[in-house]
Amino acid sequence: MSESREWLIQWLRDAHAMEEQAETMLSGQLSRIQSYPDLSDRIRIHLEETREQAKRLRTCLDGLEEGSSMLKDAGGKLTAMAQSISGVFAGDEVMKGSLASYTFEHMEIASYTILIAAANAEGEAQIVRVCEQNLREEEAMAEWLKSNLPQVTEMFLARAAADRDSAKR
């Protein structure tokens, strides 16, 4: 196996673990932001996209006769759970969650951009298509967050001025 193919496999495993982490992170965030219906709705949609992205990546790895990394997947989920738990204690949980989500989307965008180049170099057209689809979904979520963060912030500030508990979530 060529070294570039080994890197492609490793990066696919990393991306799968990243999506597993995202699923855990989004699920935790979704369970605690009842006061922000637009944000909740968009996170719910992206959570389903994230689950599909992980499935598509698993299919790519299976097609290469490789599996996902259970260790990387578990590590990603553990990290996301720790982030989720820490948010419970923040007075501005919805804002910290939004900041983390926006940052995470850009990490995913970079990851898929790298994977597309690596898959192209290896002549793996199906992997390119999967990563391009995942990339489009991540870019759409990042753009939605960018466009909606001002409204979420204004809503948070208004709620914080009136009732701190409802502002948090």
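To keep things clear, this report deals only with the structure shown in the data block. Fair warning: this is a prediction, and the values are worked out from it, not measured in the lab.

What counts, and where the lines are drawn
- Residues numbered from 1 in each chain as written.
- Predicted model: local features only at pLDDT ≥ 70, side-chain atom pairs only at ≥ 80, totals over all residues.
- Heavy atoms only, no water.
- Helix = DSSP H or I, 4+ residues; strand = E, 2+ residues; numbered from the N terminus.
- Buried < 20%, exposed > 50% of the residue type's maximum accessible area, 1.4 Å probe, protein only.
- Contact = heavy atoms within 4.5 Å.
- Areas by Shrake-Rupley, 256 points an atom, 1.4 Å probe, with all protein chains shown as cover.
- Phe/Tyr/Trp six-rings, centres within 6.5 Å; stacked < 30°, edge-to-face > 60°.
- Lys NZ or Arg CZ within 6 Å of the ring centre and 35° of its normal.
- Salt bridge = Lys/Arg side-chain N within 4 Å of Asp/Glu carboxyl O.
- Axes fitted to C-alpha atoms, helices over the stretch in contact; angles between N-to-C directions.
- Parallel < 35°, antiparallel > 145°, perpendicular 65-115°, else oblique.
- Left-handed = near helix turned anticlockwise from the far one by under 90°.
- Nonpolar A, V, L, I, M, F, W, Y, C, P; charged D, E, K, R; others polar.
- Core = buried A, V, L, I, M, F, W, Y, C linked by side-chain atoms within 4.5 Å.
- Lys, Arg positive; Asp, Glu negative; His and termini not counted.
- Disulfide = S-S within 2.5 Å.

### Comments concerning the overall build of the protein chain
- The secondary structure content of the protein chain amounts to 6 helices and 0 strands.
- Listing the helices and strands of the protein chain from first to last along the sequence gives α-α-α-α-α-α.
- With 169 residues in all, the protein chain has 45% of them scored as buried.
- In the protein chain, the proportion of contacts linking residues at least 24 apart, taken out of those at least 6 apart, comes to 82%.
- Carbon together with sulfur atoms contributes 58% to the accessible area of the protein chain, which is approximately 8600 Å² in total.

### Re the packing of aromatic side chains
- Considering all chains together, one arrives at 1 aromatic pair under this definition.
- In this structure, arginine 159 packs its charged tip against the face of tyrosine 36, placed 4.8 Å from the ring centre.

### Looking at the pattern of salt bridges
- Using the criterion set out here, one finds 11 salt bridges in the structure.
- Of the charged contacts in the structure, one is a salt bridge between aspartate 92 and lysine 96, with a shortest N-O distance of 2.7 Å.
- For aspartate 92, a relative accessible area of 22% puts it in the partly exposed group.
- What makes lysine 96 partly exposed here is its relative accessible area of 48%.
- Each of Arg5, Glu122 and Glu124 takes part in one network of salt bridges that share partners.

### Notes on the environment of aspartate 92
- As for its placement among the helices and strands, aspartate 92 is situated in the loop between helix 3 (70-88) and helix 4 (93-121).
- Along the backbone, aspartate 92 and alanine 160 are 68 residues apart, and their C-alpha atoms lie at a distance of 8.8 Å.

### Quick notes on the packing of helix 1 (residues 3-30) against helix 2 (residues 37-63)
- One can describe the packing of helix 1 onto helix 2 by two numbers: an axis separation of 9 Å at closest approach and a directional angle of 155°. Looking at the two axes, helix 1 sits roughly antiparallel to helix 2. Relative to helix 2, helix 1 is oriented so that their crossing is left-handed.
- Looking at the contact of helix 1 with helix 2 residue by residue, the class counts come to 12 nonpolar, 7 polar and 7 charged.

### With respect to the nonpolar core
- By size, the foremost hydrophobic cluster in this structure holds 24 residues, and its most contacted members are Leu8, Leu12, Ala15, Tyr112, Leu115, Ile127 and Cys131.
- Contributions of two or more residues to this core are made by helix 1, helix 2, helix 4 and helix 5 (125-162).
- Ignoring any residue separated from it by four or fewer positions in sequence, one finds alanine 15 in contact with Leu57, Ser111, Tyr112 and Leu115.
- Core analysis: the second largest hydrophobic core is formed by 13 residues, Ile33, Leu47, Met95 and Val152 among them.

### Re the side chain of glutamate 108
- Along the polypeptide, glutamate 108 turns up in helix 4.
- Buried and unpaired, glutamate 108 has arginine 56 as its nearest opposite-charge partner, separated by 10 Å.
- Not counting the four nearest positions on each side in its chain, glutamate 108 is found in contact with Met18, Glu19, Ala22, His46 and Glu138.

### Notes on the state of the cysteines
- Considering all chains together, one arrives at 0 disulfides under this definition.
- Take cysteine 60: it sits in no disulfide, and the sulfur closest to it among the cysteines is that of cysteine 131, at 5.9 Å.
- By relative accessible area, cysteine 60 is classed as buried at 5%.

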